[in-house]
Amino acid sequence: MMHAVVSADGFIADEDDEVGPLFDWYFNGDRPLTDGEDHGPFAVSAASAAYVKPMWASIGAIIQGRHLFDLTNGWEATPPAGEHLLVVSHRPKPEGWHPEADVPFFDDVAAAVEEGKRRAGEKVLAICAGDIGGQALAAGLVDVVAMDVVPVVFGRGKRYFGDLAGQHLLEDPDVVVQGDRVLHLSYRVRR
């Protein structure tokens, strides 16, 4: 599954890597996205919670590109969903970065997907949208494209599908959930 929050015009961040209002919906409701005593910062609408909680629970591993790794410091080796994080990068893992963490780096998206599927087991392998997600889609390695579409127009910025060239057909959406300031969509990739 390729996934990200995206603007109505197809951007996952602006030109300065700022997400602006893209993540506002994560904080505009009364339903926590995580269980337990410490619910964390995320509280969404009932409709979004009914979609996002099981989607996050289905994820076993996440692949991110080096750019997102650098922006998030690799989520401190703890991905927001799933148990495993893998990184696609032509540069090695930063020296001294969480030496205890089993976060492998790959210079090839296909190799990362192969290992990510192994680590995810029966669960879903999620690939972050952007350049790496676009590369995986172009290589035929994506089965589902999932988007949380926010009603904002950026005009320019970081594209959901990266520099993907060519046409790729998707099926009609099999998930359409209207949340508060977000529309959750999921499409199967047409083969």
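Cut-offs and rules
- Residues numbered from 1 in each chain as written.
- Predicted model: local features only at pLDDT ≥ 70, side-chain atom pairs only at ≥ 80, totals over all residues.
- Heavy atoms only, no water.
- Helix = DSSP H or I, 4+ residues; strand = E, 2+ residues; numbered from the N terminus.
- Rg over C-alpha atoms; globule rule 2.2 N^0.38 Å.
- Buried < 20%, exposed > 50% of the residue type's maximum accessible area, 1.4 Å probe, protein only.
- Contact = heavy atoms within 4.5 Å.
- Areas by Shrake-Rupley, 256 points an atom, 1.4 Å probe, with all protein chains shown as cover.
- Lys, Arg positive; Asp, Glu negative; His and termini not counted.
- Charge placed at Lys NZ, Arg CZ, Asp CG, Glu CD.
- Pairing = 2+ DSSP bridges.
- Axes fitted to C-alpha atoms, helices over the stretch in contact; angles between N-to-C directions.
- Phe/Tyr/Trp six-rings, centres within 6.5 Å; stacked < 30°, edge-to-face > 60°.

1. Some words on the overall build of the chain
Scanning the chain from terminus to terminus reveals 4 helices and 12 strands. Since a compact globule built from 191 residues should have a radius of gyration of about 16 Å, the 16 Å found for the chain is in line with a globular shape. A principal-axis box enclosing the C-alpha atoms of the chain has dimensions of 45 × 40 × 35 Å. The buried share among the 191 residues of the chain stands at 43%. Intrachain contacts of the chain at a sequence separation of at least 6 include 59% that bridge at least 24 residues. Accessible surface computed for the chain: about 10200 Å², of which carbon and sulfur atoms make up 50%. Averaging the positions of the 16 positive and the 30 negative side-chain charges in the chain gives two centres separated by 4 Å.

2. Observations concerning the environment of Val5
Residue placement: Val5 occurs in strand S1 (residues 2–7). Given a relative accessible area of 5%, Val5 falls into the buried group. With sequence-adjacent residues up to four places away left out, Val5 is seen in contact with Phe11, Ile12, Leu22, Phe23, Trp25, Tyr26, Asp148 and Val150.

3. A few points about the sheet that holds strand S12 (residues 183–188)
Read across the open sheet, the 8 strands follow the order S7-S6-S5-S8-S1-S9-S12-S11; overall the sheet is mixed. Each edge of the open sheet is held by one strand with a lone partner, namely strand S7 (105–106) and strand S11 (175–178). In terms of strand pairing, S11 meets S12 through 4 bridges, oriented antiparallel. Among the inter-strand pairings, Gln178 is bridged to a residue of S12, identified as Leu183. Contacting strand S5 (59–65), strand S6 (84–88), S7 and strand S8 (124–128), helix H3 (residues 109–120) runs over the sheet at an angle of about 175° to S6.

4. Focus on unusual backbone geometry
The phi torsion at Ala77 lies on the positive side, around 75°, for a residue other than glycine. Following the sequence through the fold, Ala77 ends up in the loop between helix H2 (66–72) and S6. For Arg181, which is not glycine, the phi dihedral falls at a positive 70°. Among the secondary structure elements, Arg181 is positioned in the loop between S11 and S12.

5. Details of the packing of aromatic side chains
Evaluation of the coordinates by the stated rule reveals 10 aromatic pairs. Judged by centre distance (5.8 Å) and plane angle (80°), the rings of Phe42 and Trp56 are edge-to-face. Pair noted here: Phe42 is in the loop between strand S3 (31–32) and strand S4 (43–44) and Trp56 is in helix H1 (residues 46–58), with a separation of 14 residues, a long-range link. Here Trp56 falls in the buried class, since its relative accessible area comes to 16%. In textbook terms, an aromatic cluster arises when at least three aromatic residues are bridged by ring pairs, as seen for Phe23, Trp25, Tyr26, Phe27, Phe42 and Trp56.

Nothing here speaks to function; it is geometry throughout.
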